[in-house]
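Fold and geometry: a report
Residues per chain, in single letters:
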Amino acid sequence: SGLISAGFPEEALRHLLLSAVVSLATFWAGSVLGGGIALLRERKHLRLFGSKARLIFFLFLWPWFDLIEVPLAIFALFRRVGWKPIRHDFALSISQMEPEEATEQEEEKEKEEEAAKK
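Bear in mind that the values here come from a model prediction, so they are computed numbers and not experimental data. (Residues numbered from 1 in each chain as written. Predicted model: local features only at pLDDT ≥ 70, side-chain atom pairs only at ≥ 80, totals over all residues. Heavy atoms only, no water.)

1. What to know about the overall build of the protein
Note the threshold: Starting at the N terminus, helices and strands are each numbered in turn, a helix being any DSSP run of H or I of at least four residues and a strand any DSSP run of E of at least two. Per-residue accessibility, obtained with a 1.4 Å probe over protein chains only, is compared with the maximum for each type, and a residue is labelled buried under 20%, exposed over 50%, and partly exposed between these values. Every accessible area reported is derived by Shrake-Rupley at a probe size of 1.4 Å, with residue values counting cover from the shown protein chains alone.
Helix and strand counts for the protein come out as 6 helices and 0 strands. Its helices and strands taken in sequence order, the protein reads α-α-α-α-α-α from the N to the C terminus. Looking at the protein as a whole, 8% of its 118 residues are labelled buried. Surface summary for the protein: the accessible area is close to 11,300 Å², and the carbon and sulfur share equals 64%.

Printed below as a string of structure tokens:
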């Protein structure tokens, strides 16, 4: 009401708020659509992250996470941002990073191939 009493037209304020809400809703819907396309394309690789319900939950939270990028990008324009190397003390092979099910399946497949060779 302080803006209205200062001579700011009430209709202009309503229009400004409506524009902000529509802009946020459009951004959110576009991000969910883009994230949904990415989920569909990468669904085979996303099995490691849990159930479908959990992925859909993450899909609907994605736009808010993505919104954080805007102020961070602006902040990075005015601050000196540098690379700090991360020291790694251990190494893993690809087979050590795979889930146990995949490793067991590979072992069974290798045994079958060895048996077929004999």
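Past the structure itself, the notes keep going.
2. A few points about the pattern of salt bridges
Inclusion rule: When a carboxyl oxygen of Asp or Glu is within 4 Å of a side-chain nitrogen of Lys or Arg, the pair counts as a salt bridge.
According to the stated counting rule, one finds 2 salt bridges in the structure shown. Taking the shortest distance from any N to any O, the salt bridge between Arg 87 and Asp 89 comes out at 3.6 Å. Its relative accessible area of 63% is what places Asp 89 among the exposed residues.

3. Re the side chain of Ser 31
Applicable threshold: We call two residues in contact whenever any of their non-hydrogen atoms come within 4.5 Å of each other.
Relative to the assigned elements, Ser 31 resides in helix α2 (residues 10–41). When residues no more than four places from it in sequence are discounted, the contact partners of Ser 31 are Trp 62, Pro 63 and Asp 66.

4. With respect to the packing of aromatic side chains
Basically, it comes down to this: The pairing test for Phe, Tyr and Trp rings, Trp by its six-membered ring, is centres within 6.5 Å, and the orientation test on the planes gives stacked under 30 degrees, edge-to-face over 60, and tilted for anything in between.
Per the stated rule, a full pass over the model turns up 3 aromatic pairs. On the basis of an interplanar angle of 40° and a centroid distance of 5.4 Å, the ring pair of Trp 62 and Phe 65 is categorised as tilted. Taken together, the residues Trp 62 and Phe 65, both in helix α3 (residues 52–67) and 3 residues apart, mark about one turn of the helix.

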